[in-house]
Amino acid sequence: MADEPSRAQQLLGDLAPKMVELTDEVLFGDVWQRAGLSPRDRSLITVSVLAATYRPEQLNSHLRLALHNGVTKDELVETLTHLAFYAGWPSGMGALTQLKAIVEEESD
């Protein structure tokens, strides 16, 4: 499957090849692979930051990645509910709405 373009390549390959390279090689090739945290823990942190800073486009893919990395739907619900009290109700509600759509889509 290494021949298939990454998500970053699909989205920005023609427009911003350097950004794609940094995303694929540094962010996901180095930072996400470091031994200090598990992919599951990195997903929880990333989802929390993206929800707190209201980055819905990035949050969508990272909610999916979190589920793939072993974070359960219930854990994400609890994380986002907790986050709403610290980052703001709209951030928590928006993220929960996105999660609901993803869970419903994947259950079809």
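Data block above holds the structure.
Notes on the structure follow.

Cut-off values and rules
- Residues numbered from 1 in each chain as written.
- Predicted model: local features only at pLDDT ≥ 70, side-chain atom pairs only at ≥ 80, totals over all residues.
- Heavy atoms only, no water.
- Phe/Tyr/Trp six-rings, centres within 6.5 Å; stacked < 30°, edge-to-face > 60°.
- Buried < 20%, exposed > 50% of the residue type's maximum accessible area, 1.4 Å probe, protein only.
- Helix = DSSP H or I, 4+ residues; strand = E, 2+ residues; numbered from the N terminus.
- Expected span 1.5 Å × (residues − 1).
- Arc of directions from axis to C-beta.
- Contact = heavy atoms within 4.5 Å.
- Salt bridge = Lys/Arg side-chain N within 4 Å of Asp/Glu carboxyl O.

**Re the packing of aromatic side chains**
Using the criterion set out here, one finds two aromatic pairs in the structure. Between the aromatic rings of Phe85 and Trp89, the centroid separation amounts to 5.2 Å while the plane-to-plane angle is 90°, which identifies the pairing as edge-to-face. On the basis of relative accessibility, which here comes to 48%, the residue Trp89 falls in the partly exposed class.

**Some details on helix H4 (residues 56-68)**
Along its 13 residues, H4 runs 18 Å from first to last C-alpha, staying within 8% of the 18 Å computed at 1.5 Å per residue. If you check which residues of H4 are buried, you get Leu59, His62, Leu63 and Ala66. Projected down its long axis, H4 shows its buried positions confined to an angular sector of 115°, all on one face. Projecting away from the buried face of H4 at angles above 90 degrees are the exposed residues Glu57 and His68. Where H4 is buried, its residues touch helix H3 (39-52), helix H5 (73-87) and helix H6 (89-107). Positive phi shows up at Gly70, right after H4, with a value of about 95°.

**Re the pattern of salt bridges**
The full count for this structure, using the stated rule, is seven salt bridges. The salt bridge partner of Arg40 is Glu75, with a shortest N-O separation of 2.5 Å. Here Glu75 lies in helix H5 and Arg40 lies in helix H3, a separation of 35 residues in the sequence. For Glu75, a relative accessible area of 30% puts it in the partly exposed group. With a closest N to O distance of 3.6 Å, Lys73 and Asp74 form a salt bridge. Residue class for Lys73 comes out partly exposed when judged on its relative accessible area of 40%. Taken together, the shared-partner salt bridges in this structure form one network comprising Arg40, Asp41 and Glu75.

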